[in-house]
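One letter stands for each residue in the lines below.
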Amino acid sequence: MERKNKIMAALAIGAVALVVASGAVRCSLSDGGNANQAPEPEKPAAQAILDEGDAQDQDAGAAAQGGFADLKNTSWESEDGKSALSIIEGALIETSDEGSSVIYYTVDGESLEGGMLTATLSVSREMTGAEEQTVAVVRPGQGGRDEIACDKLAATYVRKPSAPAGPIALAGATSELFEEFGKGEEEFAAILSDYAKAASPGATAAAWSKEVWIDYGSKTKLTNFTLDDVASTIVCVQLDADGKLGAL
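Parameters at a glance
- Residues numbered from 1 in each chain as written.
- Predicted model: local features only at pLDDT ≥ 70, side-chain atom pairs only at ≥ 80, totals over all residues.
- Heavy atoms only, no water.
- Helix = DSSP H or I, 4+ residues; strand = E, 2+ residues; numbered from the N terminus.
- Contact = heavy atoms within 4.5 Å.
- Areas by Shrake-Rupley, 256 points an atom, 1.4 Å probe, with all protein chains shown as cover.
- Buried < 20%, exposed > 50% of the residue type's maximum accessible area, 1.4 Å probe, protein only.
- Salt bridge = Lys/Arg side-chain N within 4 Å of Asp/Glu carboxyl O.
- Pairing = 2+ DSSP bridges.

Draft legend 1. Local environment of the overall build of the protein. On a plain count of helices and strands, the protein comes out with five helices and 14 strands. For the protein, restricting intrachain contacts to residue pairs at least 6 apart in sequence, the fraction spanning at least 24 positions comes to 50%. Carbon and sulfur atoms make up 48% of the accessible area of the protein, which amounts to about 12500 Å² in all.

Draft legend 2. Spatial organisation of unusual backbone geometry. Located in the positive-phi region is Lys-210, a residue other than glycine, with phi close to 65°. Here Lys-210 shows up in strand 11 (residues 205-215). On the accessibility criterion, Lys-210 (27% relative accessible area) is partly exposed. The backbone phi angle of Lys-219 is positive, close to 60°, even though this residue is not glycine. Within the secondary structure, Lys-219 sits in the loop between strand 11 and strand 12 (220-227).

Draft legend 3. Just the pattern of salt bridges, in detail. Tallied over the entire structure, the rule returns five salt bridges. Glu-77 is paired through a salt bridge with Arg-145; the nearest N and O atoms lie 3.3 Å apart. With a gap of 68 residues between them, Glu-77 in strand 2 (residues 74-78) and Arg-145 in the loop between strand 7 (132-140) and strand 8 (146-150) connect regions that are remote in the sequence. Where Arg-139 meets Glu-147, a salt bridge forms, and the shortest distance between an N and an O atom there is 2.9 Å.

Draft legend 4. Here's a closer look at the pairing of strand 13 (residues 234-239). Among the six residues that make up strand 13, five are buried, leaving the element largely enclosed by the rest of the structure. Direction of pairing for strand 12 relative to strand 13: antiparallel, over a ladder of six bridges. Its bridge partner lying in strand 13, Asn-224 is registered against Cys-236. Pairing geometry for strand 13 and strand 14 (residues 245-247), over three bridges, is antiparallel. Along strand 14, the bridge assignment pairs Leu-239 with Leu-245. The antiparallel hairpin formed by strand 13 and strand 14 contains five residues in its connecting segment, where Gly-243 sits at a positive phi of about 85°.

This is a description of form; function is not addressed.
Following this line, the structure appears as structure tokens:
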């Protein structure tokens, strides 16, 4: 059940709980009083392989630089261009004109040799279904782009080059947020853009949760944004006691 709970957290959109230090007070700024449950900030399992300004070169050879966890939040396409693969934490999502399918997985073991990553996975088609083992192989393909093959996937997929990370646009942020934190829209956008460069280079926008948590003990304030990447990554932005804004 622990594995399934982790997968559900990765697939849910803005539905996880944020635990705040003792004495914290939640102040909902949402219109109509429909406060969402506070989501827990989730840090990426591994830092992204790409680096701004050198995305094309570092996009190739991902398997040579790390394990299967480094492929989280990456997008792939079939060689014929008719289907696509998204890898998020705990799930492989295939999409085509015929619809989409999900393979839930955990990594049982992996090895790296000669730039080729071989990962042994326990997989199931249903979140609570019976698991079976399979092997996924990630290796450099034609043109230096990584390719992934697995007998549970409908095709062999080639990794899409990631677009250079640009500035993040804020969605739903209001003057109430900026007044509460004493920071402007540009400052929030800069913090979220820096976070996305490392954790989710494909993200272009961040939606505000419309909630703020105040910890009077530590004199800090927290609020959440959801990126528009394939994993709907939740980013917690904190204003510390010194007035410094940062992403957790």
